[in-house]
Amino acid sequence: MTYNEDSSASGHDEPWIQWFCGLKGHEMFCEVERSYIEDGFNLYGLRACVSNFSDCLDLILDRIGPDDSDDSHLTQSACTLYGLIHARYIITAHGLDAMYNKYAAKEFGTCPLVQCAGQPVLPVGLRDEMGADTVKIFCPKCSCVYHLPPIKSRSSHHGGAGVDGAAFGTTFPHLFLMTFSNLVPDRLPRDSTYVPRVFGFRVHMSARQRTTGSSSGLLAASSARSNGSRRQLGFVRRSTTSSSKADATTQVKAETKDDDGKKSKSNKRRSSDGETGGKKSDGNGDSNVPKRRRNET
């Protein structure tokens, strides 16, 4: 929880709670009743959340004046303690009533969604622990959570530039709508959803898928280019090794082919010699005359 250190020098007669809620950007805070803070039961468990708990409590309750609390660290711790107390107070009956008046006056702002038509919003924290996240706004009509709009100020210092979401908690907006059920607006109709159009024609979902696919292809291509330079050297080495292996394989195949040719020629010679030995010459040098049978006269 941050605050404007220049604003700490405000009037001495102004109560600390009023000064804190009057800081720029703290318009969402309501003034916690003094009787609520003085009740020790309501502060159970908060002593371990801030340092100098007793001094911070005395500063919030104006038991010590601004002149006695010039330490900025003490003021910062007091702001954190008040935020934790505020988160508990706004879910009580008196706290809900105080926030009701702010909601009716649209002091929390309106929904930025066009279809909600200026629906008042409620502050909400996404976490209940201090320092986790800043405060957001919840719209009861579209049930969406939005960031706060930037604070426009003449000065460069903003008192509520870092309002912690734990100062409102995760419970408040939903308990508020359950308590004041008459404030719950009607949900947005289904046909109120914005429809993108090009020259009056609705954009089909497949067009978005193709766009997504093409962008994925471009990303894959760029990734391939970046990886290609890394693999280029290894590719050259592998190609050199592969070419040498291919030459050796070609030489082995050629030698094998020569051996096969020699074996086939040798087999042909053997077959021709066998046929010649099985035939008889007719006396004129013609070897094509077959042998006569022995029983032939």
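Residues numbered from 1 in each chain as written. Predicted model: local features only at pLDDT ≥ 70, side-chain atom pairs only at ≥ 80, totals over all residues. Heavy atoms only, no water.

Notes on the overall build of the chain
For the chain, the count of helices and strands is seven helices and five strands. Listed by position from the N terminus, the elements making up the chain come as α-α-α-α-α-β-β-β-α-β-β-α. Here the chain displays about 20,100 Å² of accessible surface, and carbon together with sulfur accounts for 52% of that area. (Helix = DSSP H or I, 4+ residues; strand = E, 2+ residues; numbered from the N terminus. Areas by Shrake-Rupley, 256 points an atom, 1.4 Å probe, with all protein chains shown as cover.)

With respect to the packing of helix α5 (residues 93-104) against helix α6 (residues 172-179)
Closest axis-to-axis distance for the α5/α6 pair is 11 Å, and the angle between their directions is 90°. By the criterion of interaxial angle, the relationship of α5 to α6 is roughly perpendicular. On the side of α5, the interface is formed by Leu96, Met99, Tyr100 and Tyr103, while α6 contributes Phe172, Phe176 and Thr179. Residue composition of the contact of α5 with α6, grouped by class: six nonpolar, one polar and no charged. (Axes fitted to C-alpha atoms, helices over the stretch in contact; angles between N-to-C directions. Parallel < 35°, antiparallel > 145°, perpendicular 65-115°, else oblique. Contact = heavy atoms within 4.5 Å. Nonpolar A, V, L, I, M, F, W, Y, C, P; charged D, E, K, R; others polar.)

Here's the deal with the environment of Ser206
With respect to the helices, strands and loops of the structure, Ser206 is situated in helix α7 (residues 205-277). The class for Ser206 is partly exposed, based on a relative accessible area of 26%. Polar contacts involving the side chain of Ser206 include one to the side chain of His204, which spans 3.0 Å. (Buried < 20%, exposed > 50% of the residue type's maximum accessible area, 1.4 Å probe, protein only. Polar contact = N/O pair within 3.5 Å; in protein donor to acceptor, adjacent residues only side chain to side chain.)

Points about the pairing of strand β2 (residues 136-139)
Here β2 shows a buried face lined by Lys136 and Phe138 and a second buried face lined by Ile137 and Cys139. Bridge count for strand β1 (residues 122-124) against β2 is three bridges, and the pairing is antiparallel. Bridging from a neighbouring strand, Val124 pairs with Lys136 of β2. Summarising the sheet, β2 and strand β3 (residues 144-146) pair through three bridges and their orientation is antiparallel. Bridge assignment links Ile137 to a residue of β3, and that residue is Tyr146. (Pairing = 2+ DSSP bridges.)

Digging into the packing of aromatic side chains
The geometry of two aromatic rings is summed up by the distance between their centres and the angle between their planes. In this structure the tally under the stated criterion is twelve aromatic pairs. When the centroid spacing of 5.9 Å and the interplanar angle of 65° are considered together, the rings of Trp16 and Tyr82 count as edge-to-face. Taken together, the residues Trp16 in helix α1 (residues 16-21) and Tyr82 in helix α4 (residues 72-89) connect sequence positions 66 residues apart. With relative accessibility at 0%, the residue Tyr82 sits in the buried group. With a centroid separation of 5.2 Å and 65° between ring planes, the pair formed by Tyr36 and Tyr89 is classed as edge-to-face. Of the two residues, Tyr36 sits in helix α2 (residues 34-38) while Tyr89 sits in helix α4, which places them 53 residues apart along the sequence. The exposure classification of Tyr36 matches that of Tyr89, with both residues buried. (Phe/Tyr/Trp six-rings, centres within 6.5 Å; stacked < 30°, edge-to-face > 60°.)

Here we look at the pattern of salt bridges
The final tally for this structure, using the stated rule, is five salt bridges. Glu38 is the partner of Arg34 in a salt bridge, and the nearest nitrogen-oxygen pair spans 2.9 Å. With Arg34 and Glu38 both in helix α2 and four residues apart, the pair spans about one turn of that helix. For Glu38, a relative accessible area of 44% puts it in the partly exposed group. Here Arg63 and Asp58 are joined by a salt bridge, their closest N and O atoms 3.1 Å apart. (Salt bridge = Lys/Arg side-chain N within 4 Å of Asp/Glu carboxyl O.)

Quick look at unusual backbone geometry
Even without being glycine, Lys106 reaches a positive phi, approximately 55°. Position of Lys106 relative to the elements: it lies in the loop between α5 and β1. Using a relative accessible area of 46% as the deciding quantity, one classes Lys106 as partly exposed.

Let's talk about the packing of helix α3 (residues 53-60) against α4
The geometry of α3 relative to α4 is characterised by a closest axis approach of 9 Å and an angle of 80° between their N-to-C directions. The angle between the axes of α3 and α4 places the two elements in the roughly perpendicular class. Contact residues: Phe53, Asp55, Cys56, Leu57, Leu59 and Ile60 in α3; Leu74, Thr75, Ser77, Ala78, Leu81 and Tyr82 in α4. Taken together, the residues of the contact of α3 with α4 sort by class into nine nonpolar, two polar and one charged.

Examining a nonpolar patch on the surface
On the surface, Val198, Phe199, Phe201 and Val203 cluster together into a nonpolar patch covering about 480 Å² of accessible area. For Phe201, the position within the fold is in strand β5 (residues 201-202). (Patch = residues over 30% accessible without salt bridge, like charges linked within 9 Å, V, L, I, M, F, W, Y side chains within 5 Å.)

Focus: the sheet that holds β1
Read across the sheet, three strands follow the order β1-β2-β3 without closing on themselves; strand pairing throughout is antiparallel. Two strands lie at the open edges of the sheet, namely β1 and β3, each paired on one side alone. When strand polarity is set aside, the average angle formed by the axes of neighbouring strands in this sheet is 40°.

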